[in-house]
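Structural characterization, general
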Amino acid sequence: MTILDCAIIGGGPAGLTAGLYTTRGGLENVTMFEKGMPGGQITNSSEIENYPGVTGEITGMDLMMPWPAQCQKFGLKHEMVNVVRVTKSNDLFTIHQEDGTTVDAHSVIMGTGSSPRRAGFTGEKDFLGRGVSTCATCDGFFYKGKEVVVIGGGDTALEEALYLAKICSKVYLVHRRDTFRSAPNTVERIKKSENIELILNSFPDEVYGDSAGVTGLRVKNRDGESRDISVPGIFTFVGNDVNNQTLIQEDGTFLCDMNEQGQVIVDISMKTSVAGLFATGDMRIAAPKQVISAAGDGAVAALQAISYVDELLN
Ligand code: FAD
Ligand code: NAP
């Protein structure tokens, strides 16, 4: 069985850039394992305005569309598969796929990113996909001309609230504090928007509805007062959890060193505590959580992987 020079786990901006640089930099056998369509979480974004050189209104999907073909041109292979575990024995890594089959590799670049966090209010799980959503570009259109709630106070919540305000008749922005994490110019745009109502110092308490889906959300403020908002749609943007499950070994320990938040500890070369294993993008410590930085990590890790494999085999 062929041993890969490099296995890339995840096909977001980090994984795709690692794919471009490893193949173009001379590694012969490189496969990117991506469980869905390549592009990563930015494909859920309705607007990206901070990727250098890309000006004008552009969606995350538009931005990422050309990336896979560019990598494939230099020989990157793509397996659409969920990787359940990565292990290492002696100098060889093994990629364990969901169907039980395995692939061996001399080096591994991890780029599994992060996933939307649950806010934790009553009914959230039951109504997920039936009125509760984590993706405005995917589901916003269902609420055209209707009122919706957005929960959160970070960049994602505010940017998606602005997007939804263009489609929906009104957006209630529920945030648990009275200041935001988001960039100041985004906060300004929110404050100027005529159909966004801020509900601050308030927590989502319970979502309710019927067999057709959501009919409303009860929120509570810091004084314990409740308010019912009648809406058919609720969008939660309360942060992300690192996708690190693939690194968990059979005995429950991680393959490499992690911090308390479950992020992979790397040095400035994206090297982990395990030789030949690199971690990039949103999953690593101190990640700026940006497309540009994830892509940069992918390039750095790829150059390191090329040197590592070269030394290992020659
Ligand atoms: P991801 O993009 O998360 O990609 C990881 C990939 O790995 C996914 O495709 C996933 O399917 C795959 N994967 C995960 N586990 C497995 C597995 N076990 N097996 C196989 N495949 C797996 N950043 C900006 O710079 N500007 C913005 O305007 C901006 N807007 C954003 C708006 C939204 C709504 C969101 C959610 C994020 C936004 N970000 C923005 C942040 C940006 O999207 C991320 O920082 C970036 O996508 C991280 O890239 P990544 O490659 O590390 O991971
Ligand atoms: P985030 O910055 O972690 O913000 C999460 C928000 O949700 C916070 O306001 C938080 O409140 C709130 N929250 C958390 N748990 C909650 C709960 N259980 N109930 C109610 N509210 C809750 O997450 P994000 O906005 O998804 O951004 C993630 C990263 O991606 C950030 O680094 C961000 O800068 C980046 N990003 C960048 C851009 C851009 O550059 N344009 C766009 C999107 C995302 P508190 O504030 O009180 O903690």
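Worth saying up front: this structure is predicted, and the values here are computed from it rather than measured.

1. Let's talk about the sheet that holds strand β15 (residues 233–236)
On the basis of which strands lie adjacent, the open sheet formed by 5 strands has the order β8-β15-β9-β10-β11 and parallel pairing. At either margin of the open sheet sits one strand with a lone partner, and together these are β8 (132–133) and β11 (196–199). Relative to β15, strand β9 (residues 147–151) runs parallel, the two sharing 4 bridges. Note that in β15 the partner of I151 across the bridge is T236.

2. Thoughts on the packing of aromatic side chains
The geometry of an aromatic ring pair is captured by the separation of the ring centres together with the interplanar angle, meaning the angle of the planes. The final tally for this structure, using the stated rule, is 3 aromatic pairs. Both rings, one in Y143 and one in F235, keep their centres 5.7 Å apart while their planes meet at 90°; by these two values the pair is edge-to-face. Of this pair, Y143 sits in the loop between α4 (136–139) and β9 while F235 sits in strand β15, and the two are 92 residues apart along the sequence. The two residues Y143 and F235 agree in class, both being buried. Within the aromatic cluster, the residues linked to one another by ring pairs are Y143, F235 and F237.

3. Quick notes on the sheet that holds strand β12 (residues 202–210)
What the 3 strands build is an open sheet, ordered β12-β13-β14; its pairing is antiparallel. Each having just a single partner strand, β12 and β14 (226–229) make up the two edges of the open sheet. Neighbour-to-neighbour, the strand axes of the sheet open up by a mean angle of 25°, direction not taken into account. Taken together, the 8 bridges between β12 and strand β13 (residues 213–221) define a ladder with antiparallel strand orientation. Looking at the pairing, D210 lines up with G213 of β13.

4. Some thoughts on the environment of I285
Within the fold, I285 resides in the loop between β17 (277–279) and α7 (291–313). The spacing of I285 and M270 is 15 residues in sequence and 9.9 Å in space, taken between C-alpha atoms. Sequence-distant contacts of I285, defined by excluding residues within four places in its chain, comprise N259, Q263, V264, I265 and V266.

5. Remarks on unusual backbone geometry
Its identity is not glycine, yet N201 carries a phi of approximately 50°, on the positive side. For N201, the location among the structural elements is in the loop between β11 and β12. You can call N201 partly exposed: its relative accessible area is 25%.

6. What to know about the site of ligand 2
Every one of the 19 residues lining ligand 2 counts as a neighbour, but N50, D155, E159, R177 and R181 are closest to it. Between ligand 2 and T156 there is a distance of 2.9 Å, counted from an oxygen atom to a side-chain nitrogen or oxygen. In the model, an oxygen atom of ligand 2 is placed 2.7 Å from a nitrogen or oxygen of the R181 side chain. A total of 910 Å² of accessible area belongs to ligand 2 in isolation, and the protein chains cover 76% of it. The biggest single contributor to the shell around ligand 2 is helix α5 (residues 155–167), with 3 residues. A breakdown of the residues in the shell around ligand 2 according to their chemical character gives 4 nonpolar, 9 polar and 6 charged.

7. Considerations on the state of the cysteines
Working definition of a disulfide: a covalent bond connecting the sulfur atoms of two cysteines. Under the criterion given, the structure shown has 1 disulfide. There is a disulfide in this structure between C135 and C138, and the S-S distance comes to 1.9 Å. Across the S-S bond of C135 and C138 the torsion is about 75°, and the bridge reads as right-handed. On the basis of relative accessible area, C135 is assigned to the buried category, the value being 7%. We classify C138 as partly exposed; its relative accessible area is 43%. The thiol sulfur of C71 is not disulfide-bonded, and the nearest other cysteine sulfur, from C6, lies at 12 Å.

8. Here's the deal with the domain arrangement of the protein chain
You can read the domains of the protein chain as domain 1 (6–116 + 240–313) and domain 2 (132–236). Here domain 1 and domain 2 have C-alpha centroids that lie 32 Å from each other. Each partner contributes to the interface: domain 1 provides 8 residues, whereas domain 2 provides 10 residues. When the buried surface of domain 1 facing domain 2 is broken down by residue, N44, S46 and E47 rank first, second and third, together holding 63% of it. Between the two partners, domain 1 and domain 2, sit 1 salt bridge. E49 is the partner of R189 in a salt bridge, and the nearest nitrogen-oxygen pair spans 4.0 Å. In this structure, the connection of domain 1 to domain 2 is made through 1 residue pair in polar contact (both at pLDDT 80 or more). When grouped by side-chain class, the residues that make up the side of domain 1 that touches domain 2 number 1 nonpolar, 4 polar and 3 charged.

Conventions adopted
Residues numbered from 1 in each chain as written. Chains lettered and ligands numbered in written order. Predicted model: local features only at pLDDT ≥ 70, side-chain atom pairs only at ≥ 80, totals over all residues. Heavy atoms only, no water. Pairing = 2+ DSSP bridges. Helix = DSSP H or I, 4+ residues; strand = E, 2+ residues; numbered from the N terminus. Phe/Tyr/Trp six-rings, centres within 6.5 Å; stacked < 30°, edge-to-face > 60°. Buried < 20%, exposed > 50% of the residue type's maximum accessible area, 1.4 Å probe, protein only. Axes fitted to C-alpha atoms, helices over the stretch in contact; angles between N-to-C directions. Contact = heavy atoms within 4.5 Å. Near = heavy atom within 4 Å. Polar contact = N/O pair within 3.5 Å; in protein donor to acceptor, adjacent residues only side chain to side chain. Areas by Shrake-Rupley, 256 points an atom, 1.4 Å probe, with all protein chains shown as cover. Nonpolar A, V, L, I, M, F, W, Y, C, P; charged D, E, K, R; others polar. Disulfide = S-S within 2.5 Å. Domains from an automatic or database assignment. Buried area = accessible area lost by both parts, 1.4 Å probe. Salt bridge = Lys/Arg side-chain N within 4 Å of Asp/Glu carboxyl O.

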